[in-house]
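Residue-level structure breakdown
One-letter residues, chain by chain:
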Number of protein chains: 2
Amino acid sequence: VIALDAMGGDFAPRVAVEGAIKAAQRGISVCLFGDENILLVLLEKTDRLWHTLPISLEHCTQVIEMGDDPSRSVLKKESSSLVRAFKAVRDKKALACVSAGNSGASLVAATLLLGRAPHVLRPAIGDFIPTKSGSIFCIDLGANTDPKPEYILQFAQMGDVYVTMTKNIHTPRIALLSNGAEPYKGSITIKQSYSLLKESGLNFIGNVEARNIFDCNADIVVCDGFAGNVMLKAIQGTVDIVLYWLQQEINVSWRNKLAALVGRSMFTALKHKTDYAQAGGALLLGVQEPCIIAHGCSNAKSIENALVFAYHVAQERFIALFNQQVAALFEQKKMNASLMPQKIRSIFGER
Amino acid sequence: VIALDAMGGDFAPRVAVEGAIKAAQRGISVCLFGDENILLVLLEKTDRLWHTLPISLEHCTQVIEMGDDPSRSVLKKESSSLVRAFKAVRDKKALACVSAGNSGASLVAATLLLGRAPHVLRPAIGDFIPTKSGSIFCIDLGANTDPKPEYILQFAQMGDVYVTMTKNIHTPRIALLSNGAEPYKGSITIKQSYSLLKESGLNFIGNVEARNIFDCNADIVVCDGFAGNVMLKAIQGTVDIVLYWLQQEINVSWRNKLAALVGRSMFTALKHKTDYAQAGGALLLGVQEPCIIAHGCSNAKSIENALVFAYHVAQERFIALFNQQVAALFEQKKMNASLMPQKIRSIFGER
């Protein structure tokens, strides 16, 4: 069963209920966490036959709001839908959890309740962004707003394992998000991260600007969470406004309206290609159990997709395998270091 | 006369020469700084009658490359086209300068050779971005990658004066770029800036996410230069890829090609609306003389527009007026502070 925080998100709980019903119709067991009274009404309204679907309910008396302080709310609102959904995973009552609510609170709950994977300093949000030639994996997209360079190195290592596992690319090419391609570009943190990545043994190809991520030759772009989040949201906002301007132009004249009619499959395809709701949500990497952080603005389709994604992640035991390989990558570094002859080692550290 | 660093930019010196000729044809005097031998060939090739235009040449033996370290190259390459163009403005031989070259070097040259305006801690790059309802002024777009909160407060103050002067909006609404609308969102620097802005007396309306800058109700968005640059470039890259995908869809079928033909004025209008080359470049704010930083990827049209912009900035004595008003805004704060009764002041600082 997948635990869904039904009260989290801009359009919750309506879209949570609708998404859960659609996922359940595809055979996925979903447990809704939230206000039973509200959820029952919505379930009845959406599908009278919902009893026949693999849907269950857990009544929660509290809600973590978008404006709540993440750490404080997770500690204080123990009976909230978000905390209860994470606890269900911790207590092995659910295989994975999904929340479109306060993403900071999801991060805190994941770290406190599910626990960090071995050696991982900070969990990170990673996701693919479509490009000219396919897609690029971006990590971190917002979990860490003030990362240390050591965290950014780990994001790159986690990205390396993720892309290797999911795209079967060996030694994927890794770029670092900066304000210019030159090595001297970037904030202090980014410059220090550049040095760490260069010495990491990863296939690091240097800095990349945000305007080039759609046609650079990297498989992964590593970001500090603040800039990564700004980039992701700037992309989403720009897609929206370009489509809005296109629609405006269509409305300008009958000729344009005719063009839109003739080319309607083209416009549908473009909208489909740029629809970020399709993605559903991003998997939180670096924690012990599967947890999907969905967009705050998720619609029913996004929630459905997030639930389907969570189901497959759980089914394939992806997180356990991923954490194993990440640990191996981290430990290999340590093993390499310990393979140095004792005599030489003493020169470096044991004076 | 406007000084143009003819060797700076991805497509220099060709686009610099072409842009200069077009600006000169509109009556603007341009002095090209660069390798005389190369520039003369290009001038002849572009327009044989260039002698009849108000174009002059200053031979420079060095070039600051995109990969050069900004501070070091400005200090060492004294005979470079970039440094010479800035020196011409310092020595009152030119009214303004334009460079599409190494923007870090332009910033260093502007600070060292032109000097900071009174009370300004750090110059910043500001520019308008088109939105649903008009445009929004974004500052800083990349001059300061590790700004202190005090710098960000000054960016807001400079933005306030700029928008008041250029759009005649009194007490413009100011938002702060963050990874969420809530006050607790953001990097440490952004959170501290939030507090400063709240107490500043400016019309501060809170945080804004990058996805909402196109339809938020702010006139100005203040950014740390690193995130601001990432946002700007993500917008540019996304516009490019959406248009690329649209073109791909057009090529899919004859039906779509027909739609594109019928609606070609619509596609032209969309491309025009999203053409960032139109902008030309951004005015550097917080220095003593006019200096336009053009995009590295500038084409001839961008250079032409940057020269026209520089001409108007110089003609209207904009920078002098702007610096006066910014100083007045800063000093008003100081005056407010100094209006406190002496007795009370001693309690705070004179223990």
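Notes on the structure in this doc start here. (Residues numbered from 1 in each chain as written. Chains lettered and ligands numbered in written order. Predicted model: local features only at pLDDT ≥ 70, side-chain atom pairs only at ≥ 80, totals over all residues. Heavy atoms only, no water.)

What about the overall build of chain A?
A count of helical and extended segments in chain A gives 13 helices and 11 strands. In terms of overall dimensions, chain A is globule-like: its C-alpha atoms have a radius of gyration of 22 Å, near the 20 Å expected for 351 residues. Principal-axis analysis of the C-alpha atoms gives chain A an extent of 75 × 55 × 35 Å. For chain A, buried positions account for 57% of its 351 residues. Put simply, chain A shows about 15,100 Å² of open surface, and 53% of that area lies on carbon and sulfur atoms. One finds the centroid of the 36 positive side-chain charges in chain A at a distance of 4 Å from the centroid of its 32 negative side-chain charges. (Helix = DSSP H or I, 4+ residues; strand = E, 2+ residues; numbered from the N terminus. Rg over C-alpha atoms; globule rule 2.2 N^0.38 Å. Buried < 20%, exposed > 50% of the residue type's maximum accessible area, 1.4 Å probe, protein only. Areas by Shrake-Rupley, 256 points an atom, 1.4 Å probe, with all protein chains shown as cover. Lys, Arg positive; Asp, Glu negative; His and termini not counted. Charge placed at Lys NZ, Arg CZ, Asp CG, Glu CD.)

Quick look at the sheet that holds strand E5 (residues 124-130) of chain B
All names here are of chain B. The 11 strands lie next to each other as E3-E2-E1-E4-E11-E10-E5-E6-E9-E7-E8, forming an open sheet whose pairing is mixed. The strands lining the two open edges of the sheet, one partner per strand, are strand E3 (55-59) and strand E8 (204-208). Taken over all neighbouring pairs, the strand axes of this sheet differ in orientation by 25° on average, direction set aside. Where E5 meets strand E10 (residues 281-285), three bridges bridge the pair, whose relative direction is antiparallel. For Ile125, the partnering residue across the bridge sits in E10 and is Leu284. Helix H6 (residues 149-167) rests against E5, strand E6 (135-139), strand E7 (174-177), strand E9 (220-222) and E10 of the sheet, and its axis sits at about 145° to E6. (Pairing = 2+ DSSP bridges. Axes fitted to C-alpha atoms, helices over the stretch in contact; angles between N-to-C directions. Contact = heavy atoms within 4.5 Å.)

As for unusual backbone geometry
The residue after Ile139(A), namely Asp140(A), is reached through a cis peptide bond having omega 10°. Along the chain, Asp140(A) falls in the loop between strand E6 (135-139) and helix H6 (149-167). One non-glycine residue, Lys92(B), lies in the positive phi region at around 60°. Tracing the backbone shows Lys92(B) in the loop between helix H4 (81-90) and strand E4 (96-99). The exposed category is assigned to Lys92(B), whose relative accessible area is 62%.

Concerning the sheet that holds strand E11 (residues 291-294) of chain A
Residue and element names in this part refer to chain A. Ordered by their spatial adjacency, 11 strands build an open sheet running E3-E2-E1-E4-E11-E10-E5-E6-E9-E7-E8, and the pairing between neighbours is mixed. Each of the sheet's edge strands pairs with one partner strand only, and the pair in question is strand E3 (55-59) and strand E8 (204-208). This sheet shows a mean twist of 25° between the axes of neighbouring strands, independent of strand direction. The sheet strands contacting helix H5 (residues 103-114) are strand E4 (96-99), strand E10 (281-285) and E11, and the helix crosses E11 at an angle near 170°.

Digging into the environment of Gly263(A)
Among the secondary structure elements, Gly263(A) is positioned in the loop between helix H9 (254-262) and helix H10 (264-273). A relative accessible area of 0% places Gly263(A) in the buried class. Residues within four places of Gly263(A) in sequence aside, it is in contact with Asn256(B) and Ala259(B).

Considering helix H9 (residues 254-262) of chain B
Residue and element names in this part refer to chain B. Taken as a whole, H9 has its buried residues at Asn256, Ala259, Ala260 and Val262. When H9 is viewed along its axis, its buried side chains cluster within an angular range of 165° and face the same direction. Residues of H9 that are exposed and point more than 90 degrees away from the buried face comprise Trp254 and Leu261. (Arc of directions from axis to C-beta.)

Considerations on the pattern of salt bridges
All chains considered together, the criterion is met by 22 salt bridges over all chains. Ionic pairing is found between Lys233(A) and Glu209(B), a salt bridge with its closest N-O pair at 2.2 Å. Taken as a pair, Lys233(A) in helix H8 (residues 225-252) and Glu209(B) in the loop between E8 and E9 lie in two separate chains rather than in one. Residues Lys233(A) and Glu209(B) agree in their burial class; the two are buried. One salt bridge connects Arg14(B) with Glu18(B), and the closest N-O pair in it is separated by 3.4 Å. In this pair, Arg14(B) and Glu18(B) both sit in helix H1 (residues 14-25), four residues apart, roughly one turn of the helix. One salt-bridge network, in which partners are shared between bridges, spans Arg26(A), Lys301(A) and Glu304(A). (Salt bridge = Lys/Arg side-chain N within 4 Å of Asp/Glu carboxyl O.)

Considering the packing of H8(A) against helix H8 (residues 225-252) of chain B
Following both chains from N to C, one finds H8(A) and H8(B) inclined at 35°, their axes separated by 8 Å at the closest point. Crossing hand, H8(A) versus H8(B): right-handed. Residues Phe226(A), Ala227(A), Val230(A), Met231(A), Ala234(A), Ile235(A), Thr238(A), Val239(A) and Val242(A) of H8(A) form the contact with H8(B), whose participating residues are Phe226(B), Ala227(B), Val230(B), Met231(B), Ala234(B), Ile235(B), Thr238(B), Val239(B) and Val242(B). Considering only residue class, the contact of H8(A) with H8(B) consists of 16 nonpolar, two polar and no charged. (Left-handed = near helix turned anticlockwise from the far one by under 90°. Nonpolar A, V, L, I, M, F, W, Y, C, P; charged D, E, K, R; others polar.)

Re the environment of Leu121(B)
Residues and elements named next belong to chain B. Along the chain, the position of Leu121 falls in the loop between helix H5 (103-114) and E5. Sequence separation between Leu121 and Glu150 is 29 residues; the distance between their C-alpha atoms is 8.3 Å. The residues touching Leu121, leaving out its near neighbours within four places in the chain, are Arg116, Glu150, Tyr151 and Gln154.

Focus: the nonpolar core
Buried together is how nonpolar side chains tend to be arranged in soluble globular proteins. Membership of the largest hydrophobic core comes to 248 residues, with the highest contact counts inside it found for Met231(A) and Met231(B). Setting aside residues no more than four positions away along its own chain, Met231(B) makes contact with Val230(A), Ala234(A), Ile129(B), Cys138(B), Leu177(B), Ala210(B), Ile213(B) and Cys223(B). (Core = buried A, V, L, I, M, F, W, Y, C linked by side-chain atoms within 4.5 Å.)

Observations concerning the relation of the copies chain A and chain B
Overlaying chain A on chain B yields an RMSD of 0.0 Å, the required transformation being a rotation through 180° with an accompanying axial translation of 0.0 Å. On the angle and the small slide along the axis, the relation comes out as a two-fold axis. Identified as the residue of chain A closest to the rotation axis by C-alpha distance is Ala259(A), at 2.2 Å. A share of 100% of interface residues in chain A that are also interface residues in chain B marks the association as one of identical surfaces. (Least-squares fit on C-alpha atoms with pLDDT ≥ 70 in both.)

Examining the side chain of Asn229(B)
The topology assignment puts Asn229(B) in helix H8. Looking at Asn229(B), the relative accessible area reads 8%, which means it is buried.

So, the packing of aromatic side chains
For any pair of aromatic rings, geometry is given as the distance between the ring centres together with the angle between the planes. Residue and element names in this part refer to chain A. For the structure on display, the rule yields 14 aromatic pairs over all chains. Look at Tyr194 and Phe204: their rings are 5.2 Å apart centre to centre, the planes differ by 80°, and that puts the pair in the edge-to-face class. Of the two residues, Tyr194 is situated in helix H7 (residues 188-198) and Phe204 in strand E8; the sequence distance between them amounts to 10 residues. The exposure classification of Tyr194 matches that of Phe204, with both residues buried. Connected via pairs of aromatic rings, a cluster forms that spans Phe128, Phe137, Tyr162, Phe318 and Phe322. (Phe/Tyr/Trp six-rings, centres within 6.5 Å; stacked < 30°, edge-to-face > 60°.)

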